[in-house]
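Understanding the architecture of this molecule
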Amino acid sequence: IAHGVEGVTDFYVMPAPMLTFPEEVAEFMDELRKKLNGRKAGMIVLDTVSKVMVGLDPTRDAPRLVRFCDRLVEEFECTVVAIGHSGHDEKKGMRDSSAYHAGFDTVIEMKGNNRMKITQATVLKHKDAAEPEKPYHFQGKQVGPSLVFFPVSAEAAGEIENADNPFDRKKIGAVLQGLGAIGMDKGVTTMVLA
């Protein structure tokens, strides 16, 4: 609806295969072949890395996931996205292993503000091109039953995020002005401001 696409789209959802079970991987590949019926896939999304890696050692077996993704790319000639989550300490990046960063062609970090429906995509690695210096920003908008993300400038993203921030400089300035607290003699304490 958001992009004016009419008719039925080829979009399929099925359980992600667990790499510990070769029969699940084979079934997954067979189902993809059946669904595609000779057509090329546009994209395959594995959601999430943790589900695909159940029963494996995420650090030691990371190359196994990378090989599986490479196999999907080769066989189905499409982009493969593997979604992983950061741990409790976001500064450490994606959970489990630096082998993912080393093995994948592109690594993109997504950060978002759920309440304001703003997200930022930062390209951390891109094998065959220089990483963009600045992140990309997107705003989510409700379209029918879906949340669809549209590109916005960094400035617009910042304004949207600050719209809900009671400590935004403009809002604090307006409060001080409303209190008549302008200048050194009419200043108020931070307790009054709070």
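Refer to the structure presented above.
Now for a look at the structure at hand. (Residues numbered from 1 in each chain as written. Predicted model: local features only at pLDDT ≥ 70, side-chain atom pairs only at ≥ 80, totals over all residues. Heavy atoms only, no water.)

**Observations regarding the packing of aromatic side chains**
Note the cut-off: Classification of ring pairs rests on two measures: the distance between centres of Phe, Tyr or Trp rings, Trp counted by its six-membered ring, which must be within 6.5 Å, and the angle between planes, read as stacked under 30 degrees, edge-to-face over 60 and tilted in between. To qualify as a helix, a DSSP run of H or I must reach at least 4 residues; to qualify as a strand, a run of E must reach at least 2; elements of each kind are numbered from the N terminus. Exposure categories follow from relative accessible area, calculated using a 1.4 Å probe and restricted to protein chains: below 20% of the type maximum is buried, above 50% is exposed, and the middle band is partly exposed.
The final tally for this structure, using the stated rule, is two aromatic pairs. For the pair Phe-28 and Phe-68, a centre-to-centre distance of 6.2 Å together with 50 degrees between the ring planes defines the contact as tilted. Of this pair, Phe-28 sits in helix α1 (residues 22-36) while Phe-68 sits in helix α3 (residues 62-76); the two residues are 40 residues apart in sequence, bridging distant segments of the chain. Its relative accessible area of 7% is what places Phe-28 among the buried residues. For the ring pair Tyr-100 and Phe-104, a centre distance of 6.2 Å and an interplane angle of 10 degrees mean the geometry is stacked. A single burial state applies to Tyr-100 and to Phe-104, both of which are buried.

**Regarding α1**
Our working definition: Every helix has an expected span of 1.5 Å times one less than the residues it contains. A contact between two residues is defined here by any heavy atoms of the two lying within 4.5 Å.
Helix length check: α1, at 15 residues, gives a terminal C-alpha distance of 21 Å against a target of 21 Å (1.5 Å per residue), a fit within 8%. Taken together, the buried residues of α1 touch β1 (43-47) and α3. Looking one or two places after α1, you find Asn-37, whose phi comes out positive at around 50 degrees.

**Some remarks on the environment of Thr-119**
Tracing the chain through its elements places Thr-119 in strand β4 (residues 118-126). Residue class for Thr-119 comes out buried when judged on its relative accessible area of 12%. For the pair Thr-119 and Pro-63, spaced 56 residues apart in the sequence, the C-alpha separation amounts to 29 Å. Beyond its immediate sequence surroundings of up to four residues, Thr-119 is in contact with Met-110, Lys-111, Gly-112, Tyr-136, His-137, Phe-138 and Phe-149.

**Some thoughts on the nonpolar core**
The tendency in soluble globular proteins is for nonpolar side chains to be buried side by side. Heads up, the rule is: Residues belong to a common nonpolar core when they are buried Ala, Val, Leu, Ile, Met, Phe, Trp, Tyr or Cys residues joined through side-chain atoms within 4.5 Å.
Counting 25 residues, the largest nonpolar core has Leu-19, Ile-44, Leu-46, Leu-65, Phe-68, Leu-72 and Phe-76 as its most contacted members. Put simply, the parts of the chain that give this core at least two residues each are α1, β1, α2 (49-52) and α3. For this core, the element with the highest residue contribution is α3, accounting for seven residues. Sequence-distant contacts of Leu-19, defined by excluding residues within four places in its chain, comprise Val-25, Val-52, Met-53, Leu-56, Arg-64, Leu-65 and Phe-68.

**A look at the pairing of β1**
Applied cut-off: Strand pairing is assigned whenever DSSP detects at least two bridges linking the two strands.
Of the two faces of β1, only the one carrying Ile-44 and Leu-46 is buried; Met-43, Val-45 and Asp-47 on the other face are not. As paired strands, β1 and strand β2 (residues 79-83) are joined by five bridges and run parallel to one another. Within β2, the residue paired with Met-43 across the bridge is Thr-79.

**Quick word on the pattern of salt bridges**
To keep things clear, this is the line we draw: Within this document, salt bridges are pairs made up of a side-chain nitrogen of Lys or Arg and a carboxyl oxygen of Asp or Glu, the two lying within 4 Å of each other.
Applying the stated rule across the entire model yields eight salt bridges. One salt bridge connects Asp-10 with Arg-39, and the closest N-O pair in it is separated by 2.6 Å. Of this pair, Asp-10 sits in the segment before α1 while Arg-39 sits in the loop between α1 and β1, and the two are 29 residues apart along the sequence. Of the charged contacts in the structure, one is a salt bridge between Arg-33 and Glu-75, with a shortest N-O distance of 2.5 Å. Of this pair, Arg-33 sits in helix α1 while Glu-75 sits in helix α3; the two residues are 42 residues apart in sequence, bridging distant segments of the chain. Since its relative accessible area comes to 35%, Glu-75 is described here as partly exposed. Through salt bridges with shared partners, a single ionic network connects Asp-30, Arg-33 and Glu-75.

**Side note on the sheet that holds strand β6 (residues 146-152)**
Put simply, the rule is: With axes taken as lines fitted to C-alpha atoms, and helix axes fitted only over the stretch in contact, angles between N-to-C directions fall between 0 and 180 degrees.
Taken in spatial order, the four strands make up an open sheet running β3-β4-β5-β6, and their pairing is antiparallel. The open sheet terminates on both sides in strands that have one partner only, identified here as β3 (106-113) and β6. On average, each strand axis in the sheet is inclined to that of its neighbour by 30 degrees, with strand direction left out of account. Of the strand pairs in this sheet, β3 and β4 are connected by eight bridges, and their pairing is antiparallel. Each bridged residue has a counterpart across the sheet, and for Asn-113 the counterpart in β4 is Ile-118.

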